[in-house]
Amino acid sequence: MSLLIQSIVNGLNQGAVYALVALGYTMVYGIIRMINFAHGDFIMVGSYTLFYTVPLMVLAGMPAWMAVILAIIVCIGVGIAVEQIAYKPVRGAGSMTALITALAMSLLLENLALVLFGANPKSVPAIFNLPMIEFLGAKIQSKYLITLAIGVIMMLALQVFIKKTRIGKAMRAVPQDKQAATLSGIKVDRIITLTFAIGSGLAGVAALMYCSTYPRATTEMGTMLGLKAFIAAVLGGIGIIPGAMIGGLIVGLLEIFIKVYIAPGWYEAITYMILIVVLLVKPTGLLGKNIGEKV
Amino acid sequence: MEMLKISDLNVSYGAIHAIHDVAMSVHKGELVSLIGANGAGKTTILHTITGLCKATSGSVVLNEINLLKTDASDIIKLGMAHVPEGRHVFPEMTVEENLEMGAYCVKEKNLIAERIEDVYHRFPRLKERFRQAAGTLSGGEQQMLAVGRALMSAPSILLMDEPSMGLSPILVEQIFDIIKEVHEQGITVLLVEQNARMALSISDRAYVLEVGRISMSGQAKDLLQDDRVRKAYLGQ
């Protein structure tokens, strides 16, 4: 019983991190129909920022998690720079070009990090020093609950922002009809940049969540994390905000459960097998509606 | 008073010279139509006015503001709304959200709510479907929505591109009644139409566009009697 509870909490924690990263993918895809494969690397950028800023916060006598603000700012900066320098010039050149550009940016960021920070992993100091909680005999890390709560709050906040605010509605209008959006007075370029800023900011938060569980920053950490989160976003239905959340949690739970109950060495293989089967049955993802690609 | 004045306008798509030395004007309070066959360049002219297309030379002036140097997204703030050909509603947004987007540049919430009510009053059909996704509306309803969305910015001049396209004869009548009504309420209208008979019957003046050049212009009632117009555009 306690192992079950423990596994659920661990799975949800893992899943919340994936969900937060998946939110970044889905957000950008939802607005400009582009998969930003460099998104995982924004989390790497955020993690290195935390490596340098957490000690500064502690030194200044502030709570360590406040370092996330700096991580968010740095991630937004990098995100906007990537969009302006690399993505904007190739916008309109087709989805294949955009995809390759994104992959190139991912490699560039990783190698830039290698030059700047070296190949040795950096260990990020502890961010949350919170006690364990005892629940029905299971020991639960309270920081895991924080991760989950932040994931849910972020999703709800994004959902409200997109559905209810003027800017959020403009963000939805742009991919549906650029011309009509422009004629309504919407500055399409600015909306796209803003979308990247929000997606990258989420990566800063995701970095905090990731580092509180796995306190290590490496240059290639974004690759696997990004890939898994991308799969989570597709599983939930890419472009759909609650879908990213659900997809992330499912991937996290599957991984942990397979690790604990079935075959520890096979957890990735089995998880992704299951996902392939799901997508074969429902190619648009769990929450996806079946609409053809717009021309 | 000339509200919109186009002079010596030339537009090219690459090597294709689409619009040749076009000169037109629309006075405040007028309903002017631009008629012509498919491919004559009518939509290109409207797109150049609102900045969706770039002109090669010439000038487009609205109330003494040079529109050729104005970004397409700023046009609506000058009091000019463009109802594009093919309606271009936001298909996955609700009817009400579409209307809200029309008032994107309006900051006062009360004003937006008031104008939405006005649109619903004008088009009760839209009110019935206010929470429905715009993409699920019929062609006629989408056209009403496109007009409603344009009216949300309270424009002083409305550009309408082929509002009758793809609609049944009864709906065409309805849409033209709406245009007439909007015009009678004091909004200046520049109407682009292939349906020359309907367009001329409600217009004050009209221009005829043939392969990128203005071939005729004058009072709409005179053009309706003109032999060349009758032969080429009215099927008589």
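This text goes with the structure placed above it.
Below, the structure is looked at part by part. As the structure is a computational prediction, the values presented were derived from the model and not from experiment.

About the criteria used
- Residues numbered from 1 in each chain as written.
- Chains lettered and ligands numbered in written order.
- Predicted model: local features only at pLDDT ≥ 70, side-chain atom pairs only at ≥ 80, totals over all residues.
- Heavy atoms only, no water.
- Phe/Tyr/Trp six-rings, centres within 6.5 Å; stacked < 30°, edge-to-face > 60°.
- Helix = DSSP H or I, 4+ residues; strand = E, 2+ residues; numbered from the N terminus.
- Buried < 20%, exposed > 50% of the residue type's maximum accessible area, 1.4 Å probe, protein only.
- Lys NZ or Arg CZ within 6 Å of the ring centre and 35° of its normal.
- Pairing = 2+ DSSP bridges.
- Contact = heavy atoms within 4.5 Å.
- Buried area = accessible area lost by both parts, 1.4 Å probe.
- Salt bridge = Lys/Arg side-chain N within 4 Å of Asp/Glu carboxyl O.
- Nonpolar A, V, L, I, M, F, W, Y, C, P; charged D, E, K, R; others polar.
- Axes fitted to C-alpha atoms, helices over the stretch in contact; angles between N-to-C directions.
- Core = buried A, V, L, I, M, F, W, Y, C linked by side-chain atoms within 4.5 Å.

A word on the packing of aromatic side chains
- Counting across every chain of the model gives nine aromatic pairs over all chains.
- A centroid spacing of 6.4 Å and a plane angle of 70 degrees characterise the contact between Tyr25(A) and Phe37(A), whose relative ring orientation is edge-to-face. Taken together, the residues Tyr25(A) in helix α1 (residues 2–32) and Phe37(A) in the loop between α1 and α2 (39–59) connect sequence positions 12 residues apart.
- Seen from their ring centres, Tyr25(A) and Phe230(A) are 5.7 Å apart, and the 50 degrees between their planes marks the pair as tilted. Residue Tyr25(A) is found in helix α1, and its partner Phe230(A) is found in helix α9 (residues 221–236); the two are separated by 205 residues along the sequence. Comparing Tyr25(A) with Phe230(A), the two get one shared label, buried.
- Put simply, the rings of Tyr48(A), Phe51(A), Tyr52(A) and Phe117(A) pair up and form one aromatic cluster.
- Sitting over the face of the ring of Phe90(B), Arg149(B) holds its NZ or CZ atom 5.0 Å from the ring centroid.

Quick word on the pairing of strand β2 (residues 132–135) of chain A
- Relative to strand β3 (residues 138–141) of chain A, β2(A) runs antiparallel, the two sharing four bridges. What sits directly across from Phe135(A), in β3(A), is Ala138(A).

Here's the deal with the interface of chain A and chain B
- Contacts between chain A and chain B engage 21 residues on the former and 24 residues on the latter.
- Considering only the side of chain A, the residues that lose the most area to chain B are Arg166(A), Gln176(A) and Leu183(A), jointly responsible for 31% of the buried surface there.
- Counting across the interface, chain A meets chain B through three salt bridges.
- For the salt bridge of Lys169(A) with Glu100(B), the shortest nitrogen-to-oxygen distance reads 2.4 Å.
- Contributions of two or more residues to the side of chain A that touches chain B are made by α6 (166–176) and α7 (178–183) of chain A.
- Top element by residues in the side of chain A that touches chain B is α6(A). It accounts for seven residues.
- Across the side of chain A that touches chain B, the residue classes break down as nine nonpolar, five polar and seven charged.

Concerning the sheet that holds strand β8 (residues 188–193) of chain B
Residue and element names in this part refer to chain B.
- The strand order across the open sheet formed by six strands is β6-β7-β8-β3-β9-β10, and the pairing between neighbours is mixed. A strand with exactly one partner marks an edge of an open sheet, and here the two such strands are β6 (80–83) and β10 (213–219). On average, adjacent strands in this sheet sit at an angle of 15 degrees to one another, irrespective of strand direction.
- Sheet contacts for helix α5 (residues 139–151): β6 and β7 (157–161); angle to β6, the most-contacted strand, approximately 170 degrees.
- Docked against the sheet, helix α6 (residues 169–184) engages β3 (31–36), β7 and β8, running at close to 155 degrees with respect to β8.

A look at the sheet that holds strand β4 (residues 57–62) of chain B
Residues and elements named next belong to chain B.
- Reading across the sheet, the four strands line up as β2-β1-β4-β5 and stay open at both edges, with antiparallel pairing between neighbours. Edge positions in the open sheet fall to β2 (16–27) and β5 (65–66), since each of these has one partner strand only.
- Here β4 pairs with β5 via two bridges, running antiparallel. The residue bridging Leu62 from the neighbouring strand is Ile65, located in β5.
- Docked against the sheet, helix α1 (residues 42–50) engages β1 (2–13), β2 and β4, running at close to 115 degrees with respect to β1.

So, the nonpolar core
- Judged by nonpolar contacts, the single largest core of 86 residues is most densely connected at Leu50(A), Tyr87(A) and Ile186(A).
- Per-element tally for this core: the top contributor is α1(A), with 14 residues.

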